[in-house]
Amino acid sequence: MALGQIFGEINNSFEVNDKYLNNEDFAPNGTAVEEIEQRTAKWPRPLVRKWTVMLFLGTCLLYCARMAMPICAVSMATTFGWTKTQSGMVIGGFFWGYCFTQVLGGHASDRLGGERVLLLSTTSWTAITACTPLLARLNFSPLTSMTVARFFMGLLQGVHYPSLASLCSQRVVEGERGFLMSTIGSGSYMGTLMVGGLGSMILEHYGWESVFYCTGLLSGLWSLTVWGFLLRGQKCKVQMHSSHGSISGLSKERWLKMFKQPSVCAMVFAHLCCCSTNYTLMSWLPTFFQDTFPHTKGWVCNVIPWLVAIPSALFGGIISDHLIQQGFGIASVRKIMQHVFLLLQFMSMVVSSVFILFLCRPLSFPSAVGFISVAVGLATLSGSGVSLNVQDLAPSCAGALFGFMNMCGAFAGLVLVYVSGYLIEVTNSWVNVFHLIAVVNTVGVSVFILFGDDRRIDLWNFSQVTVV
């Protein structure tokens, strides 16, 4: 099928019971969504495969650019005379910017199409990455210019995952979303490995400037490839129509009504807990191994867990799609999906916490690396759990809703990372940190199991969907 035919106009309309189109504009949580048939511009399988590869590479490069500054921070601090506090200010600038564009990026993707938003944001942060050495050498304070550059890098990269959620809900059929999202998620681990391995070699032999130049060049090639082979000449602006006219995204009233739904609140809370504990592990594990096993090779604990995470994430997506596709009829599919989400999220948060708690007792270095690798591998299953749940609850505004979830997760991560550092400094022990992670994960998954659901709730949009 030609690409020009994929994004053709869709003239099928949806019929909704009148009680959902009156003043309430919203359907109760118990509504049988199966009564409504949605037809959208879904990609054919060959195109899904092409996009899966490109989005995997794009996420990989996103993390290469994100981690370039932490990798080069020591060399840059030596060059410009930064203290550790100043280096931390530069690195932390990214996360403040990252929090503020999540909802905006998701809303723009829901309205314009995730493909275009991803391409625009990638091109923008690619330019910042490639120009970082030049900005640092300007006749201006390097500390200020680098902090501002990292802040804008966070702003531009903040739209990435909400755009992916919106793109997946708009263009990918239900039974193929798990593998797509888990594959894209594994790109983050591959990017971390690449910049930690190849980036460190480039840094050692050619200087810190070369890390930014190489990352910017590769990211620029990705943007050119996507534009030239997948998007050029294609129209992908998505508009949703209801009995009340054209609507793109969510009004204030619909946001409030949506968050009155227990399933939405449970999903957001579980994602918040999951993100905060993952941020804490990523931030403090290198320090834990350095403090506990000072005479071992540090690269082992920085590489092996992420090597385990990649196949684990892919396996979670395959299992999710396979179980969902076994359902016969809409009702059985829905029932299977709900159990799949709950099972994967339980393994991601509770079972992984069990392995984290094993670190509270004296262990050998190989045992500690083994336990944390299993914990990190299991944690990746959330990509096929709560992160995928948003596309079933509200596919018409999945980008904006996921952006809100990710924003909450980012802020909670900053708080939990700080609290963990305080506990380590005050108690001089890692036991309390690991217990805190286990408690947060257990509470999060308990709320999700009690109130989580997969039945669609954005029924105000069921009148007409067109691609123009």
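The model shown is predicted, which means the values in this text are computed figures rather than measured ones. (Residues numbered from 1 in each chain as written. Predicted model: local features only at pLDDT ≥ 70, side-chain atom pairs only at ≥ 80, totals over all residues. Heavy atoms only, no water.)

Some thoughts on the overall build of the protein
When helices and strands are tallied, the protein shows 17 helices and three strands. Within the protein, buried positions represent 54% of all 468 residues. Considering only contacts within the protein whose residues lie at least 6 apart along the sequence, 87% involve residues at least 24 apart. (Helix = DSSP H or I, 4+ residues; strand = E, 2+ residues; numbered from the N terminus. Buried < 20%, exposed > 50% of the residue type's maximum accessible area, 1.4 Å probe, protein only. Contact = heavy atoms within 4.5 Å.)

Let's talk about the packing of helix H8 (residues 177-206) against helix H15 (residues 386-393)
Here H8 crosses H15 at 135°, and the two axes come no closer than 10 Å. Viewed along their axes, H8 and H15 adopt a mutual orientation that is oblique. The crossing of H8 and H15 is right-handed. Of the residues in H15, those touching H8 at Arg177, Gly178 and Met181 are Leu388, Gln391 and Asp392. (Axes fitted to C-alpha atoms, helices over the stretch in contact; angles between N-to-C directions. Parallel < 35°, antiparallel > 145°, perpendicular 65-115°, else oblique. Left-handed = near helix turned anticlockwise from the far one by under 90°.)

Section: a nonpolar patch on the surface
Together, Trp96, Phe100, Val148, Phe151 and Phe152 give the surface a local cluster of nonpolar side chains, amounting to about 500 Å² of exposed area. If you list the elements that add at least two residues to the nonpolar patch, you get helix H3 (84-100) and helix H6 (142-157). The element that contributes the greatest number of residues to the nonpolar patch is H6, accounting for three residues. Inspection of the secondary structure puts Val148 in helix H6. The class of Val148 is partly exposed, set by a relative accessible area of 38%. (Patch = residues over 30% accessible without salt bridge, like charges linked within 9 Å, V, L, I, M, F, W, Y side chains within 5 Å. Areas by Shrake-Rupley, 256 points an atom, 1.4 Å probe, with all protein chains shown as cover. Salt bridge = Lys/Arg side-chain N within 4 Å of Asp/Glu carboxyl O.)

Observations regarding H8
Taking 1.5 Å per residue, 30 residues should reach 44 Å; H8 reaches 41 Å between its end C-alpha atoms and fits that length. Of all the bends found along H8, the most pronounced is centred on Gly199 and spans about 30°. A positive phi of about 95° marks Gly207, the residue just after H8. (Expected span 1.5 Å × (residues − 1). Bend = angle between axes of the 7 residues up to and from the residue.)

A look at the packing of helix H2 (residues 45-80) against H6
Contact geometry of H2 with H6 gives a least axis separation of 12 Å together with a crossing angle of 170°. Here H6 runs roughly antiparallel to H2, going by the angle between their axes. In this structure, H2 uses Leu62, Ala65, Arg66, Met69, Pro70, Met76 and Phe80 to contact H6, whose residues at the interface are Pro142, Met146, Arg150, Met153 and Gln157. Grouping the constituent residues of the contact of H2 with H6 by class yields nine nonpolar, one polar and two charged. (Nonpolar A, V, L, I, M, F, W, Y, C, P; charged D, E, K, R; others polar.)

With respect to helix H4 (residues 102-112)
Among the residues making up H4, those that are buried are Gln102, Gly105, Gly106, Ser109 and Asp110. Each buried residue of H4 sits inside an arc of 135° when the element is viewed along its axis, so together they form one side. (Arc of directions from axis to C-beta.)

What to know about unusual backbone geometry
Although it is not a glycine, Asn428 adopts a positive phi angle of roughly 55°. Note on placement: Asn428 falls in the loop between helix H16 (398-427) and helix H17 (431-451). The exposure class of Asn428 is exposed, given its relative accessible area of 70%.

A look at the pattern of salt bridges
Considering all chains together, one arrives at two salt bridges under this definition. Notably, a salt bridge pairs Glu209 with Arg137, separated by 2.7 Å at the nearest N-O pair. With Glu209 in helix H9 (residues 208-231) and Arg137 in the loop between helix H5 (114-136) and H6, the pair connects residues that are 72 residues apart, well separated along the chain.

Some details on the packing of aromatic side chains
All chains considered together, the criterion is met by 21 aromatic pairs. Geometrically, the ring pair formed by Phe94 and Tyr98 is stacked, given 5.5 Å between the ring centres and 20° between the ring planes. Here Phe94 and its partner Tyr98 are both found in helix H3, four residues apart, which amounts to about one turn of the helix. Given the relative accessible area of 1%, Phe94 is considered buried. Since its relative accessible area comes to 3%, Tyr98 is described here as buried. What links up through ring pairs into an aromatic cluster is the set Trp284, Phe288, Phe289, Phe293, Phe365, Trp430 and Phe434. Across the ring face of Tyr63, the terminal group of Arg66 is positioned such that the distance to the ring centre comes to 4.4 Å. (Phe/Tyr/Trp six-rings, centres within 6.5 Å; stacked < 30°, edge-to-face > 60°. Lys NZ or Arg CZ within 6 Å of the ring centre and 35° of its normal.)

Quick look at the side chain of Thr277
The topology assignment puts Thr277 in helix H11 (residues 262-292). Of the polar contacts made by the side chain of Thr277, one reaches the backbone oxygen of Cys274; its length is 3.0 Å. If we ignore the near neighbours within four places in the chain, the residues touching Thr277 are Leu416, Ile437, Val440 and Asn441. (Polar contact = N/O pair within 3.5 Å; in protein donor to acceptor, adjacent residues only side chain to side chain.)

Points about the environment of Leu193
Considering the arrangement of structural elements, one finds Leu193 in helix H8. For Leu193, a relative accessible area of 15% translates into the label buried. Between the alpha carbons of Leu193 and Ile304 there is a distance of 9.4 Å; along the sequence they are 111 residues apart.

Thoughts on the confidence of the model for the protein
Averaged over every residue, the pLDDT of the protein is 78; residues scoring 70 or more account for 79%. Every residue in residues 237-249 is under pLDDT 50, and counting partners more than four places away or in other chains gives 43 contacts. (pLDDT = per-residue confidence, 0-100.)

Side note on the environment of Trp430
One can find Trp430 in the loop between H16 and H17. Spatially, the C-alpha atoms of Trp430 and Phe288 are 7.6 Å apart, while their sequence positions differ by 142 residues. Dropping the residues within four chain positions of it, Trp430 is found in contact with Trp284, Thr287, Phe288, Asp291 and Ile424.

Brief notes about the nonpolar core
Core analysis: the biggest nonpolar cluster contains 53 residues, and Trp51, Met267 and Leu401 have the highest contact counts within it. Setting aside chain neighbours within four positions, we find Met267 in contact with Val386, Asn389, Val390, Leu393, Leu401, Met405 and Phe448. Formed by 27 residues, the second largest nonpolar core is a distinct cluster that contains Phe293, Cys301, Ala313 and Ile372. (Core = buried A, V, L, I, M, F, W, Y, C linked by side-chain atoms within 4.5 Å.)

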